[in-house]
Amino acid sequence: MSTALRGTGLHKSYRRGSEEVHALRGVSIGVQPGEMVALLGRSGSGKTTLLNCLLGWEVPDTGEVSVPGAATPGSAAWTTVAVVPQRFGLLDELTLADNVAMPARLAGLPDPHAAALGALETLRLGHLAARMPDEVSLGEQQRTALARALVVAPAFLVADEPTGRLDEDLTAHVLGTLREHCAHTGCGVLLASHDPVVIASADRVVRLHDGVVVPG
Ligand SMILES: Nc1ncnc2c1ncn2[C@@H]1O[C@H](COP(=O)(O)OP(=O)(O)OP(=O)(O)O)[C@@H](O)[C@H]1O
Ligand SMILES: [Mg+2]
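Note that the coordinates shown come from a computational prediction; the quantities given were computed from them, not determined experimentally.

1. Let's talk about the overall build of the protein
Thought 1: When its secondary structure is counted, the protein shows 5 helices and 9 strands.
Thought 2: Starting at the N terminus, the α and β elements of the protein follow one another as β-β-β-α-β-β-α-α-α-β-α-β-β-β.
Thought 3: For 216 residues, the compact-globule estimate of 2.2 N^0.38 gives 17 Å, and the protein sits close to it at 17 Å.
Thought 4: For the protein, buried positions account for 49% of its 216 residues.
Thought 5: In the protein, once contacts between residues fewer than 6 apart in sequence are set aside, the share between residues at least 24 apart is 71%.
Thought 6: On the protein, the mean spot of the 17 positive side-chain charges and the mean spot of the 23 negative ones are 6 Å from each other.

And the structure:
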C-alpha cells in the first residue's frame, strides 16, 4: 500500500445554471511523508478545489484519492490529515488556546492545554492564548489555525494559503516552522499558495493553471 497522500486523475466541475466551470481537469498529485510540496497557481486555478477533494470535503466527478491510514479521505482523523482551511475555521466562542487544544483533546494527548500553549508559542502567539478569535488580527487567527493543525503532529498537513495574511518576517517564520516540523516528525505537507516566496522552502513545486498541472 502506498505511503503517499495521493490524488489521481481528478476531475471536478461546478454547474451554476447553464454555466459549467471545470475547476479540475485531470489532476494527479502525491505527497510523501516528510516532504513539503508547494501547490502554486493563480487565483481561480483550482487549488482549493484540489485540496478539498484530497480531504474528502468535496467529491471529485472522476478520479481517485487515497489517504494512508484511512478507508476514505473524508474519514481521516486529524492526526492523519490536519488542515489549515483558507478561511481558518476557528470556533468563535473558544479562546485561541482552547481552539488549539481541541484536536489534542480529541486525540487523547495527556495534557491538551500544555500542548496547545506549546504550539501557540512556536507560532509566536503564546501571549494571545487567552484571547478570543475576534480579539486578534487575521494573521494571528491564521497562525492559530496552523497551531491547531500542528498540535497533534499529524502524518499529513494540508494548508490552504497559510501565509496569505502574514508579513514577510512572519511568512519566513511560518515556512521555517513547517520545514522543521517536516524534518522532525516526518509530516508530509501540501501547501497551496499564489506567493512565489514559498518555492524556496518547498522540496517540490506543483503548478496548477486552469485546472491542470503545468510544467515548470
Ligand atoms: N462552489 C462553486 N461553484 C461554482 N464555481 C466554483 C465553486 N467553487 C469554486 N468554483 C470555481 O472553480 C474554480 C477554482 O476555484 P478554487 O477555489 O479551487 O481556486 P483557487 O486556486 O483556490 O483560488 P484562490 O487562490 O482565489 O483561493 C474558480 O473558477 C472558481 O470560481
Ligand atoms: Mg483557494
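2. Some details on the sheet that holds strand E6 (residues 156–160)
Thought 1: Ordered by their spatial adjacency, 6 strands build an open sheet running E5-E6-E7-E3-E8-E9, and the pairing between neighbours is mixed. Two strands in the sheet have a free side with no partner beyond their single neighbour: strand E5 (81–84) and strand E9 (212–214). Between one strand axis and the next, the sheet turns through 25 degrees on average, direction left out of account.
Thought 2: Here 5 bridges tie strand E3 (residues 36–40) to strand E7 (residues 188–193), and the two strands are oriented parallel to one another. Each residue of the ladder has a partner; that of Val37, found in E7, is Leu190.

3. Examining the environment of Gly46
Thought 1: Within the fold, Gly46 resides in the loop between E3 and helix H1 (47–55).
Thought 2: Residue classification places Gly46 among the buried residues on the basis of a relative accessible area of 8%.
Thought 3: Along the backbone, Gly46 and Val27 are 19 residues apart, and their C-alpha atoms lie at a distance of 9.8 Å.
Thought 4: Residue contacts for Gly46: discarding those within four places in its chain leaves Ala23, Leu24 and Leu208.

4. Observations regarding the site of ligand 1
Thought 1: Around ligand 1 there are 15 residues in total, and Ser43, Gly44, Lys47, Thr49 and Gln86 lie nearest to it.
Thought 2: In the model, an oxygen atom of ligand 1 is placed 2.5 Å from a nitrogen or oxygen of the Ser43 side chain.
Thought 3: One of the backbone N or O atoms of Ser45 is found 3.2 Å from an oxygen atom in ligand 1.
Thought 4: Of all the elements in the fold, those that place two or more residues in the shell around ligand 1 are strand E1 (5–16), strand E2 (19–31) and H1.
Thought 5: Among the elements that make up the shell around ligand 1, the one with the highest residue count is H1 (3 residues).
Thought 6: A per-class count over the shell around ligand 1 returns 3 nonpolar, 8 polar and 4 charged.

5. A word on the UniProt feature "domain: ABC transporter" (unreviewed entry) in the protein
Thought 1: The positions that UniProt labels "domain: ABC transporter" (unreviewed entry) are, in the present scheme, residues 5–214.
Thought 2: This span, residues 5–214, is 30% helix and 28% strand, and a straight line between its end C-alpha atoms measures 20 Å.

6. Points about the coordination of the magnesium ion (ligand 2)
Thought 1: Surrounding the magnesium ion (ligand 2) are the protein donor atoms Thr48 (OG1) and Gln86 (OE1), which sit 2.0 to 2.3 Å from the metal. Within this pair, whereas Thr48 is found in helix H1, its partner Gln86 is found in the loop between E5 and helix H2 (96–106), the two being separated by 38 residues in sequence.
Thought 2: The class of Thr48 is partly exposed, set by a relative accessible area of 26%.
Thought 3: For Gln86, a relative accessible area of 39% gives the class partly exposed.

7. Concerning the environment of Asp210
Thought 1: Tracing the sequence through the fold places Asp210 in the loop between strand E8 (204–209) and E9.
Thought 2: Separated by 188 residues in sequence, Asp210 and His22 place their C-alpha atoms 8.1 Å apart.
Thought 3: With near-sequence residues (within four places) excluded, Asp210 lies in contact with His22, Arg25 and Ser45.

8. As for the packing of helix H4 (residues 138–150) against helix H5 (residues 168–185)
Each pair of packed helices can be described by the angle between their axes along with the distance between the axes.
Thought 1: Two numbers describe how H4 lies on H5: the axes approach to 12 Å, and their chain directions differ by 5 degrees. With respect to each other, H4 and H5 are oriented roughly parallel. Contact residues: H4 offers Arg143, Leu146 and Leu150, while H5 offers Leu170, Val174, Thr177, Leu178 and His181.
Thought 2: Here the contact of H4 with H5 is composed, by residue class, of 5 nonpolar, 2 polar and 1 charged.

What counts, and at which threshold
Residues numbered from 1 in each chain as written. Chains lettered and ligands numbered in written order. Predicted model: local features only at pLDDT ≥ 70, side-chain atom pairs only at ≥ 80, totals over all residues. Heavy atoms only, no water. Helix = DSSP H or I, 4+ residues; strand = E, 2+ residues; numbered from the N terminus. Rg over C-alpha atoms; globule rule 2.2 N^0.38 Å. Buried < 20%, exposed > 50% of the residue type's maximum accessible area, 1.4 Å probe, protein only. Contact = heavy atoms within 4.5 Å. Lys, Arg positive; Asp, Glu negative; His and termini not counted. Charge placed at Lys NZ, Arg CZ, Asp CG, Glu CD. Pairing = 2+ DSSP bridges. Axes fitted to C-alpha atoms, helices over the stretch in contact; angles between N-to-C directions. Near = heavy atom within 4 Å. Polar contact = N/O pair within 3.5 Å; in protein donor to acceptor, adjacent residues only side chain to side chain. Nonpolar A, V, L, I, M, F, W, Y, C, P; charged D, E, K, R; others polar. UniProt positions renumbered as here; feature names shortened; annotations may be inferred. Donors = N, O, S within 2.8 Å, 3.2 Å for Na, K, Ca; no water. Parallel < 35°, antiparallel > 145°, perpendicular 65-115°, else oblique.

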